[in-house]
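Commentary on secondary and tertiary structure
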Amino acid sequence: MRLVEATAADLDTLVELWYDLAVEMEAYDELNDLVYTEPDEVPDDWFRDNLDSETNTDYLVVHDGETIGFCSLAENDHAAWSDAGRLRIVNLYVEEGVRGQGHGTAVVERVREIARERGCDLLEVSCEWDNDGARRFYRDSGFRPKQVDFVQSVE
């Protein structure tokens, strides 16, 4: 498994993989209701912005020459805390047909290396509360719960 930094040529692939992830996330909360019915309706602006960002990076997850997922990272600093440098896994998606084969674990291990290379002190990730599989995966990968996000619709 390799993480390959995405380029402009990968925008369609990133959008398609993000769409697959977003469709899966719809099942976990009504607030995850997608406005898009097809991947080609999804604008690539967010991914395009990441290509030019100093702190956000998108990677393709590649195994045996095939793209099997993607990972989006965002780096930020919190000057008030001693563990100031943080790298957040914003998106981590491995295609369903190849899950359970260690690819997600390999991605997290490589992202941990990237965090060290960037001088970050912490690696962060969040997932849907009711996504028991993701919660178990992140615990098994050495993450621990630290805080809970609350959300409400203003509609």
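Above this text is the structure in question.
Residues numbered from 1 in each chain as written. Predicted model: local features only at pLDDT ≥ 70, side-chain atom pairs only at ≥ 80, totals over all residues. Heavy atoms only, no water.

**Comments concerning the sheet that holds strand 4 (residues 85–94)**
With respect to topology, five strands assemble into an open sheet ordered 1-2-3-4-5, the strand pairing being mixed. Each end of this open sheet is capped by a strand with a single partner; those strands are strand 1 (2–5) and strand 5 (122–125). The average angle at which neighbouring strand axes cross in this sheet is 35°, direction not considered. Pairing of strand 4 with strand 5 involves four bridges; the strand directions are parallel. Looking across to strand 5, one finds that Arg86 is bridged to Leu122. In this fold helix 3 (residues 103–117) packs onto strand 1, strand 2 (56–63), strand 3 (66–77), strand 4 and strand 5, with an angle of close to 160° to the strand it touches most, strand 4. (Pairing = 2+ DSSP bridges. Helix = DSSP H or I, 4+ residues; strand = E, 2+ residues; numbered from the N terminus. Axes fitted to C-alpha atoms, helices over the stretch in contact; angles between N-to-C directions. Contact = heavy atoms within 4.5 Å.)

**A closer look at the state of the cysteines**
When the sulfur atoms of two cysteines share a covalent bond, that bond is a disulfide. The full count for this structure, using the stated rule, is zero disulfides. This cysteine, Cys71, is not joined by any disulfide, and Cys120 carries the nearest cysteine sulfur, 13 Å off. The exposure class of Cys71 is buried, given its relative accessible area of 0%. In this model Cys127 remains outside any disulfide bridge; the closest cysteine sulfur is found in Cys71, 14 Å from its own. The exposure class assigned to Cys127 is partly exposed, which follows from its relative accessible area of 32%. (Disulfide = S-S within 2.5 Å. Buried < 20%, exposed > 50% of the residue type's maximum accessible area, 1.4 Å probe, protein only.)

**Details of the packing of helix 1 (residues 11–26) against helix 2 (residues 45–52)**
Closest axis-to-axis distance for the helix 1/helix 2 pair is 9 Å, and the angle between their directions is 125°. The angle between helix 1 and helix 2 places the two elements in the oblique class. Viewed along their axes, helix 1 and helix 2 form a crossing whose handedness is right-handed. Judged by residue contacts, Leu11, Leu14, Val15 and Trp18 of helix 1 engage Phe47, Arg48 and Leu51 from helix 2. A breakdown of the residues in the contact of helix 1 with helix 2 according to their chemical character gives six nonpolar, no polar and one charged. (Parallel < 35°, antiparallel > 145°, perpendicular 65-115°, else oblique. Left-handed = near helix turned anticlockwise from the far one by under 90°. Nonpolar A, V, L, I, M, F, W, Y, C, P; charged D, E, K, R; others polar.)

**Observations regarding the nonpolar core**
Leu73, Leu87, Ile89 and Val111 are the most contacted members of the largest nonpolar core, which has 20 residues in total. When near neighbours in sequence (up to four residues on either side) are disregarded, Leu73 contacts Thr55, Asn56, Thr57, Tyr59, Leu87, Arg88, Ile89, Val90, Val111 and Ile114. Judged by nonpolar contacts, the second largest core, of 16 residues, contains Val15, Leu17, Val42 and Tyr93. (Core = buried A, V, L, I, M, F, W, Y, C linked by side-chain atoms within 4.5 Å.)

**Focus on the environment of Thr7**
Of note, Thr7 is situated in the loop between strand 1 and helix 1. With 32 residues separating them along the chain, Thr7 and Pro39 place their C-alpha atoms 19 Å apart.

**Section: the side chain of Thr57**
For Thr57, the position within the fold is in strand 2. Of the residues examined, Thr57 reaches a relative accessible area of 8% and is grouped as buried. Among the polar contacts made by the side chain of Thr57, one reaches the side chain of Arg118 at a distance of 3.1 Å. Excluding anything up to four places from it in sequence, Thr57 contacts Glu5, Cys71, Ser72, Leu73 and Arg118. (Polar contact = N/O pair within 3.5 Å; in protein donor to acceptor, adjacent residues only side chain to side chain.)

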